[in-house]
Amino acid sequence: MNHFETKLKTEDNTFREIFTRYCYNPILTAKDWPYSVNTVFNPAATMFDSKVLLLARVEDRRGFSHLAKAISEDGISNWTIDKTPTLESDPSYPEEAWGVEDPRITYIEELERYAVVYTGYSESGPTVCMALTSDFQTFERLGSIMPPEDKDAALFPRKFGGKWLIIHRPIELGAHIWISESDNLKYWGNHQILINARKGGWWDANKVGLCAQPLETTEGWLILYHGVRQTASGALYRLGLALLDLENPNKVLRRSDEWIFGPREHYEKEGDVRDVVFPCGWILNKASGKIKMYYGAADTCIALAAASLHDVLTYIHSCPEPEEL
Ligand code: BMA
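Described in the following lines is the structure provided in the data block. (Residues numbered from 1 in each chain as written. Predicted model: local features only at pLDDT ≥ 70, side-chain atom pairs only at ≥ 80, totals over all residues. Heavy atoms only, no water.)

1. A few points about the overall build of the protein chain
Next up, step 1: Tallying secondary structure elements over the protein chain gives two helices and 21 strands in all.
Next up, step 2: Its C-alpha radius of gyration of 18 Å places the protein chain within 12% of the 20 Å reference for a compact globule of 325 residues.
Next up, step 3: Within the span of the protein chain, comprising 325 residues, buried residues form 55% of the whole.
Next up, step 4: Put simply, 50% of the contacts in the protein chain that link residues at least 6 apart link residues at least 24 apart.
Next up, step 5: About 14,300 Å² of surface is accessible on the protein chain, with carbon and sulfur atoms providing 48% of the total.
Next up, step 6: Side-chain charges in the protein chain split into 34 positive and 46 negative, and the spacing between the mean points of these groups amounts to 3 Å. (Helix = DSSP H or I, 4+ residues; strand = E, 2+ residues; numbered from the N terminus. Rg over C-alpha atoms; globule rule 2.2 N^0.38 Å. Buried < 20%, exposed > 50% of the residue type's maximum accessible area, 1.4 Å probe, protein only. Contact = heavy atoms within 4.5 Å. Areas by Shrake-Rupley, 256 points an atom, 1.4 Å probe, with all protein chains shown as cover. Lys, Arg positive; Asp, Glu negative; His and termini not counted. Charge placed at Lys NZ, Arg CZ, Asp CG, Glu CD.)

Next comes the structure, spelled out in structure tokens:
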């Protein structure tokens, strides 16, 4: 039985959804956790030891977040969850004073380690932090790598022209998505706007941010990002796609004009923060050509949706080339 929705259309038949939701969503909630927590959401996702590893944002009942890992063979069920927090704020790192949030994971072959890029909630606001790990048990912290306020960051898995590249979203100067380079993963420069927040009536006006880590395909780097629309009843978090040049990721080849996924089901529309879908990770199974996208729903639980890479690439190629910034 196919546990993803077989319908490819929304009820009013107006939009062919590229990502279809798992019919038993949500896949993980606070009730599944081995210790008492408020909510579990916004998970990073990667393959580890041939299994799916999620690193979820877990909010405790003080309101602070830590990261906790959950591992599953099929990436859908039978999750093994760490009995205690996997990565929690360390008092010797003041940038994590009020917790750690929203991780993204990239495997760095050259280092034979995973880079976990996450938000440190410092007393001066959110800042981008990085830690390296080979086992998801011990982490080597590189500390804060961007001044606050900055978040929604992920690393590319290899160097380009001898430089590491990172995507991130400083809040000053318009909440655009930026790309920066480094010789050593610690000190970053040559900052450039990559994807701008549009203006006015657009779904992604005023604030955008990277969602999952960049996904390498033969046709370019797939980028999943969120746009935040302020409405009379609060913020509305929806998702768009972009395609970056494979050898020069500073160049945006395509960008969706429309959002491709947004809050629709009750678990996305109701929770601690209503009307939020917020993926921090996706996994491409190269053999089947399927992408599994893991997302936080309403800042309360973790849900899953899947798409075929072919459909995603066909869609993004039908999108316009963005105007030069
Ligand atoms: C963002 C982050 C996310 C959260 C979203 C909606 O600024 O804090 O972790 O899911 O807001 O509340």
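What follows picks up the thread again.
2. Here's the deal with the packing of aromatic side chains
Next up, step 1: Evaluated as defined, the whole model comprises 15 aromatic pairs.
Next up, step 2: Each ring, one from W98 and one from Y121, has its centre 5.4 Å from the other, and the planes form 85°; the classification is edge-to-face. Here the residue W98 occupies a position in the loop between β5 (80-81) and β6 (100-108), and Y121 occupies one in strand β7 (residues 113-122), the gap between them amounting to 23 residues.
Next up, step 3: You can call W98 partly exposed: its relative accessible area is 33%.
Next up, step 4: Classification of Y121 by relative accessible area gives partly exposed; the value is 35%.
Next up, step 5: Pairing Y237 with F278 gives two aromatic rings, centres 5.9 Å apart and planes at 50°, and the pair type is tilted. (Phe/Tyr/Trp six-rings, centres within 6.5 Å; stacked < 30°, edge-to-face > 60°.)

3. Brief notes about the environment of T133
Next up, step 1: Structurally, the position occupied by T133 is in strand β8 (residues 125-133).
Next up, step 2: A sequence separation of 44 residues divides T133 from I177, and the C-alpha atoms of the two residues are 26 Å apart.
Next up, step 3: Residue contacts for T133: discarding those within four places in its chain leaves R113, Y114, V116, T138 and F139.
Next up, step 4: In terms of polar contacts, T133 uses its side chain to reach the side chain of D135, at 3.2 Å.
Next up, step 5: One polar contact links the side chain of T133 to the main-chain amide nitrogen of F136, over a distance of 2.9 Å. (Polar contact = N/O pair within 3.5 Å; in protein donor to acceptor, adjacent residues only side chain to side chain.)

4. What to know about the site of the ligand
Next up, step 1: Near the ligand you find N42, R57, D102, K151, Y237, V273, V276, F278 and D299, and these make up its full shell.
Next up, step 2: Here an oxygen atom of the ligand sits 3.1 Å away from a polar atom, N or O, in the side chain of Y237.
Next up, step 3: In the complex, 83% of the free accessible area of the ligand, which totals 310 Å², lies under the protein chains. (Near = heavy atom within 4 Å.)

5. With respect to unusual backbone geometry
Of all residues except glycine, most have a negative phi; of all peptide bonds, most are trans.
Next up, step 1: For the bond from N25 to P26, the omega torsion is -5°, close enough to zero to count as cis.
Next up, step 2: The topology assignment puts P26 in the loop between β1 (20-21) and β2 (39-48).
Next up, step 3: Here P148 and E149 are connected by a cis peptide whose omega angle stands at -5°.
Next up, step 4: When you line up the elements, E149 lands in the loop between β9 (140-144) and β10 (150-155).
Next up, step 5: Its identity is not glycine, yet D49 carries a phi of approximately 55°, on the positive side.
Next up, step 6: Along the chain, D49 turns up in the loop between β2 and β3 (51-59).
Next up, step 7: At D275, a position not held by glycine, the phi torsion is positive, near 60°.
Next up, step 8: The residue D275 is located in the loop between α1 (266-269) and β19 (277-285) in this model.

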